[in-house]
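Residues per chain are reported as follows:
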Amino acid sequence: MSRHDTGTKAFSFERVVWEIQRAFYSFKNSPVLALLLMQAAAFIFVQAKGAGKIYLDMIGILLAITLLSWFFTSVIHGNKKIVIYTLLLLTVGTMLQCIFKEEQVLKNPQYYATHNPATSLQFQYILGFVMALLAAFIYINSRNIASIKCLKRFKLSTIKVCRIFFWFSLLLSAATLVLAKSVGNVRNWITIGGVSLQTTEFIKFLYVFIAAGLLGTKANPDKENIRAFYTVTFLEVLFLALQSEFGTMLLILMLFLTFLFLFIPDIKVFIGTVFVMAAGSVGLSVIGAQITKWNSAGVFLGTNKLAQIFLSNYNKIANRLIYWLHPEKDALGLGYQLLKAKESIVLGGWFGTSSVTELPVKTSDLVYPALIQRCGMIFALLVFIVFIMMWLEGVRLFVRKQDRYHRAVGAGFVFMLFDQTLIIIAGSTGLCPLTGITLPFISSGGTSLMISFMIVGLIVAVSSNVKWNGTVEDEEEQDKFFKENAVTAKCHAYLRHLNDHFSRESFRAASGRIKRSGQKEESGQGKDI
């Protein structure tokens, strides 16, 4: 069997009918039946909160997504546990968002008298599910798609696709810096034809494919690919810093360390990188403190445009750390969100409360404290346990999958979801500084919810029996991520020429003479004194 063989039967109408019948019979004694009953019973809880009508508008789409997800996973022989965990989280998110919608209706009854409050949520769910199916289909059939006549002439290889993704992500970041409007000193939204898109969600999505292509195609990645991976990460982080998008930047750095740890056999590379990142953080802190002094004194080194950009980001990070530790110092400003989040957690107690206090960004950044306030700490802990079980199932997938490329893609997306969960839950409960990212399938948000759907679709696709390893037969071993142009090629050739003809022994002798002359000068100065 070829390494590109998908291990499945040829497409035919009989096979489709057989797969549907097999998926239908798999409902017997399956957890999806209990999940459907839970989704129906959730109406009782939501109705008690006054949002039963909105939930009824959503339950049809929720049940359809549940049934179609189960059929699709059964047909491709994917991991059903990950699908069940995702649907559980989606059900909780639907309940919570319906309650939020009802609270909005009570505040603005005139507007919602002529508008359905569930319309936007329905559109987000349908779009996200369709994109998840599309992403999974393209991933499973990527080998066949690459062999299409119009694409075959491009001779697409893993490195070439990674290069396309990389330049597209940089173009997206540059367009965001130019076109996006600053909201809270953060530039991460662009509007196209009246539709707002959060570009950083696409950037983190593409980053996993770039990392998998550079480190996941060989058992021992070569130095060229490792250097390219470091360069890609540095540029992505730099653009995110310029956008002041520190939540996604932290997520990218966590994924960066995850890929180094899992896919580079030499543990020294991981340890050395951690030390360099720690030293770099300390160095940036020292530089920021010094530029702050120059800025206060009116020195040009602290007042120029570049220093102002650096100082703006430095102050933002410093303020997050300060008001994370002492939010009461600015209770009506930078510490307001964290204080209100803690208040909501205390009011919610173990079983939730009906006395709801106003909570800023409760549908997105602070959705977890809002969940605790309305449903209680026990329910919120159960939701976090579902995230943990989903992550553990993803780790099992990583361990069992034999194909290295699929392991890299699956591990990247599994750890992305879990790292994102840890960041937002820890930040919104006061365990770490708060960052502006969403809780997967619980928070609202069109772009973030769509990307979360696509991520799960790809994880399920990876868990199926596809065996393509991310390369094509005509891929050249010497294909590099960063191609050399004529200028850089001449520079590298000249440097190699100098390296071949420069005597290292004469260099050591010269350095020794310089060192001895310096020692003589110091001894001479001592005698003069």
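Preceding this paragraph is the structure being described.
In what follows, the accompanying structure is described. (Residues numbered from 1 in each chain as written. Predicted model: local features only at pLDDT ≥ 70, side-chain atom pairs only at ≥ 80, totals over all residues. Heavy atoms only, no water.)

Before going further, it helps to spend a moment on the packing of helix α11 (residues 223-242) against helix α12 (residues 246-263). It is at 9 Å that the axes of α11 and α12 come closest, and there the two elements cross at 165°. In this view, α11 runs roughly antiparallel relative to α12, as classed from their interaxial angle. Considering only the axes of α11 and α12, their crossing is left-handed. Contacts between α11 and α12 involve F229, Y230, T233, V237, L240 and A241 from the first element and F246, T248, M249, I252, L253, F256, F259 and L260 from the second. (Axes fitted to C-alpha atoms, helices over the stretch in contact; angles between N-to-C directions. Helix = DSSP H or I, 4+ residues; strand = E, 2+ residues; numbered from the N terminus. Parallel < 35°, antiparallel > 145°, perpendicular 65-115°, else oblique. Left-handed = near helix turned anticlockwise from the far one by under 90°. Contact = heavy atoms within 4.5 Å.)

One ladder, built from four bridges, connects strand β1 (residues 189-192) with strand β2 (residues 195-198); its direction is antiparallel. Bridge pairing in β2 places I192 opposite V195. Counting the residues that bridge the hairpin from β1 to β2 gives two residues, and of these G193 lies at a positive phi of roughly 60°. (Pairing = 2+ DSSP bridges.)

Counting residues in each nonpolar core, the largest one holds 115 residues, and the members touching the most others are F205, F229 and F413. In this structure F205 touches F413, M416, I451, M454, I455 and L458, once residues within four positions along its chain are discounted. (Core = buried A, V, L, I, M, F, W, Y, C linked by side-chain atoms within 4.5 Å. Buried < 20%, exposed > 50% of the residue type's maximum accessible area, 1.4 Å probe, protein only.)

Let us now look at the packing of aromatic side chains. For the structure shown, the criterion picks out 17 aromatic pairs. Measuring from centroid to centroid gives 5.3 Å for Y230 and F256, while their planes differ by 85°, and the two rings are edge-to-face. Here the residue Y230 occupies a position in helix α11, and F256 occupies one in helix α12, the gap between them amounting to 26 residues. Looking at Y230, the relative accessible area reads 29%, which means it is partly exposed. For F256, a relative accessible area of 5% puts it in the buried group. Taking the centre distance of 5.8 Å and the plane angle of 85° together, the rings of F263 and F398 count as edge-to-face. Of the two residues, F263 is situated in helix α12 and F398 in helix α18 (residues 377-400); the sequence distance between them amounts to 135 residues. Three or more aromatic residues joined by ring pairs make a cluster, and in this case those are Y207, F229, Y230, F256, F259, F263 and F398. Across the ring face of F398, the terminal group of R407 is positioned such that the distance to the ring centre comes to 4.3 Å. (Phe/Tyr/Trp six-rings, centres within 6.5 Å; stacked < 30°, edge-to-face > 60°. Lys NZ or Arg CZ within 6 Å of the ring centre and 35° of its normal.)

Moving on, we get to the packing of helix α10 (residues 199-215) against helix α19 (residues 404-428). The N-to-C vectors of α10 and α19 enclose an angle of 145°; their axes lie 9 Å apart at closest approach. In terms of crossing hand, the pair formed by α10 and α19 is right-handed. Residues K204, F205, V208, F209, A212, G213 and L215 of α10 pack against R404, Y405, A408, V409, G412, F413, M416 and Q420 of α19. Residue composition of the contact of α10 with α19, grouped by class: ten nonpolar, three polar and two charged. (Nonpolar A, V, L, I, M, F, W, Y, C, P; charged D, E, K, R; others polar.)

The next thing to look at is empty space enclosed by the protein. Taken as a whole, this structure holds three cavities of 30 Å³ or more when the rule is applied. Taken as a whole, the largest cavity holds about 190 Å³ of empty space. As for the largest cavity, its lining consists of 16 residues, of which S69, F129, A132, V456 and G457 are closest to the centre. For the lining of the largest cavity, the secondary-structure elements that each account for two or more residues are α3 (52-75), α4 (80-107), α6 (119-140) and α20 (446-463). Approximately 100 Å³ is the volume found for the second largest cavity. Forming the walls of the second largest cavity are I82, L89, F387, M390, W391, V414, L417, F418, T421, P440, F441 and I459. Elements represented by at least two residues in the lining of the second largest cavity include exactly α4, α18 and α19. Broken down by element, the lining of the second largest cavity gets its largest block of residues, four residues, from α19. When its residues are assigned to classes, the lining of the second largest cavity shows eleven nonpolar, one polar and no charged. (1 Å grid on protein atoms, 1.4 Å probe; cavity = no way out; pocket = protein on both sides within 12 Å on 5 of 7 lines; lining within 4 Å. Points joined across faces, edges and corners; volume = space filled by probe spheres on them.)

Before going further, it helps to spend a moment on the side chain of S169. With respect to the element layout, S169 can be found in helix α9 (residues 158-179). Take S169: its relative accessible area is 0%, and that puts it in the buried class. Contacts of S169, omitting those with residues within four sequence positions, involve I203, L206, I210 and E236.

Turning next to the side chain of E201. Within the fold, E201 resides in helix α10. The exposure class of E201 is buried, given its relative accessible area of 4%. Here E201 is in contact with T447, S448 and I451, once residues within four sequence places are set aside.

No statement about biological role is implied by the geometric values presented.
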